[in-house]
Amino acid sequence: LHTPYGYQPFRIVSIEKSGEYTIMVYARHIFFDLNKRLINYVPDREVSGAFLVSDIQNNIDIRTKHNITSNITAQKVIKWEHLNVVDALISDDENSFLTMFGGELYINGWDASINTSIGKDRGVIIQYGKNVIGVNCIINTDNMCTRIRPTGSEGIYADFVDSDRVNNYANV
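Engineer: Teacher, can you tell me more about the overall build of the chain here?
Structural biologist: What the chain contains, in helices and strands, is three helices and 11 strands. Put simply, the chain runs from its N terminus to its C terminus through helices and strands in the order β-β-β-β-β-α-β-β-α-α-β-β-β-β. Relative to a compact globule of 172 residues, whose C-alpha radius of gyration would be 16 Å, the chain shows 22 Å and is clearly more extended. The buried share of the chain, taken over its 172 residues, is 24%. On the chain, roughly 13000 Å² of surface is accessible, and the fraction owed to carbon and sulfur atoms is 49%.

Engineer: Just to check I follow, could you spell out the pattern of salt bridges for this structure?
Structural biologist: Side-chain pairing between opposite charges can occur once the charged atoms of the two side chains come close. Counted by the stated rule, this structure contains two salt bridges. Residue Arg-37 pairs with Asp-61 through a salt bridge whose shortest N-O separation is 3.0 Å. In this pair, Arg-37 is assigned in the loop between strand S4 (22–29) and strand S5 (46–48) and Asp-61 in the loop between helix H1 (49–58) and strand S6 (67–70), connecting sequence segments 24 residues apart.

Engineer: Got a minute to help me understand a nonpolar patch on the surface in this structure?
Structural biologist: On the surface, a cluster of nonpolar side chains totalling about 400 Å² of accessible area is made up of Ile-12, Ile-15, Ile-23 and Val-25. For the nonpolar patch, the elements supplying multiple residues, two or more each, are strand S3 (10–18) and S4. Checked against the element boundaries, Ile-12 lands in strand S3. Overall, Ile-12 belongs to the exposed group, its relative accessible area being 52%.

Engineer: In this structure, what is going on with the nonpolar core? I would like to understand it.
Structural biologist: For soluble globular proteins, the rule of thumb is that nonpolar side chains tend to be buried together. Counting 20 residues, the largest nonpolar core has Leu-34, Leu-52, Ile-56, Trp-80, Val-85, Leu-89 and Phe-97 as the members making the most contacts within it. Within the residue set of this core, elements represented by two or more residues are H1, helix H2 (85–90), helix H3 (97–101) and strand S9 (111–115). Per-element tally for this core: the top contributor is H2, with four residues.

Engineer: Quick question: what am I supposed to make of the side chain of Ser-113 here?
Structural biologist: Structurally, Ser-113 can be placed in strand S9. The exposure class of Ser-113 is buried, given its relative accessible area of 9%. Here Ser-113 is in contact with Thr-69, Glu-104, Leu-105 and Tyr-106, once residues within four sequence places are set aside.

Engineer: Before we go on, may I ask you to explain the environment of Asn-40 in this structure?
Structural biologist: Inspection of the secondary structure assignment puts Asn-40 in the loop between S4 and S5. The exposed category is assigned to Asn-40, whose relative accessible area is 56%. Leave out the neighbours within four places in its chain, and Asn-40 touches Asn-59, Ile-60 and Asp-61.

Engineer: Sorry if this is basic, but what is going on with a negative patch on the surface here?
Structural biologist: Together, Asp-87, Asp-92, Asp-93 and Glu-94 give the surface a local cluster of negative charge. Within the secondary structure layout, Asp-87 lies in helix H2. Of the residues examined, Asp-87 reaches a relative accessible area of 34% and is grouped as partly exposed.

Engineer: Looking at this model, I keep getting lost on H1. Mind explaining?
Structural biologist: For an α-helix, the turn length of 3.6 residues means that residues three or four places apart are oriented alike. Within the sequence span of H1, burial applies to Gly-49, Leu-52, Val-53, Asp-55, Ile-56 and Gln-57. Packing partners of the buried residues in H1 comprise S5, S6, H2 and H3.

Engineer: Teacher, can you tell me more about the pairing of S6 here?
Structural biologist: Side-chain direction in a regular strand flips from residue to residue, so the side chains alternate between the two faces of the sheet. The side-chain alternation of S6 yields one buried face, formed by Ile-68 and Ser-70, and one unburied face, formed by Asn-67 and Thr-69. As paired elements, S6 and S9 share four bridges and run parallel to each other. Paired with Ser-70 across the two strands is Ile-114, which belongs to S9.

Rules behind the numbers
- Residues numbered from 1 in each chain as written.
- Predicted model: local features only at pLDDT ≥ 70, side-chain atom pairs only at ≥ 80, totals over all residues.
- Heavy atoms only, no water.
- Helix = DSSP H or I, 4+ residues; strand = E, 2+ residues; numbered from the N terminus.
- Rg over C-alpha atoms; globule rule 2.2 N^0.38 Å.
- Buried < 20%, exposed > 50% of the residue type's maximum accessible area, 1.4 Å probe, protein only.
- Areas by Shrake-Rupley, 256 points an atom, 1.4 Å probe, with all protein chains shown as cover.
- Salt bridge = Lys/Arg side-chain N within 4 Å of Asp/Glu carboxyl O.
- Patch = residues over 30% accessible without salt bridge, like charges linked within 9 Å, V, L, I, M, F, W, Y side chains within 5 Å.
- Core = buried A, V, L, I, M, F, W, Y, C linked by side-chain atoms within 4.5 Å.
- Contact = heavy atoms within 4.5 Å.
- Lys, Arg positive; Asp, Glu negative; His and termini not counted.
- Charge placed at Lys NZ, Arg CZ, Asp CG, Glu CD.
- Pairing = 2+ DSSP bridges.

Below you can see the structure in the form of structure tokens.
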């Protein structure tokens, strides 16, 4: 697939045919093949981000073409067990690489890096009405929740808890 960074490899994960003329193809970047690769061992000791991604790369259950790097020198103690590579690196879990070390993910073909910064500050501000030619925005509130009712075991219910914005929407 052609992207602003050149051609990128994607893996087709499903194809759906509906009707006579419509075919939907779903694909993921080849980086996400690492969802199926497990980390055999990651040390339970203080290591830098750069060392950790190198250690991950060297301890994937099955060798891949992927090359993962980092320039993060901060040191943290991380202990992972039974994680796939993608979850270990970029999940929103409190022990993921990105949560612990921060940084920005850059994926280019078989190479991935998590560095302190992948861009450059060129003094450009992207702000509505300035430097913007147009905006395409989709807002979907189907799964938005403004009121919850906590429930416990054995049929215990608490009072409703409302969002501060509960009255901003037609449906609570």
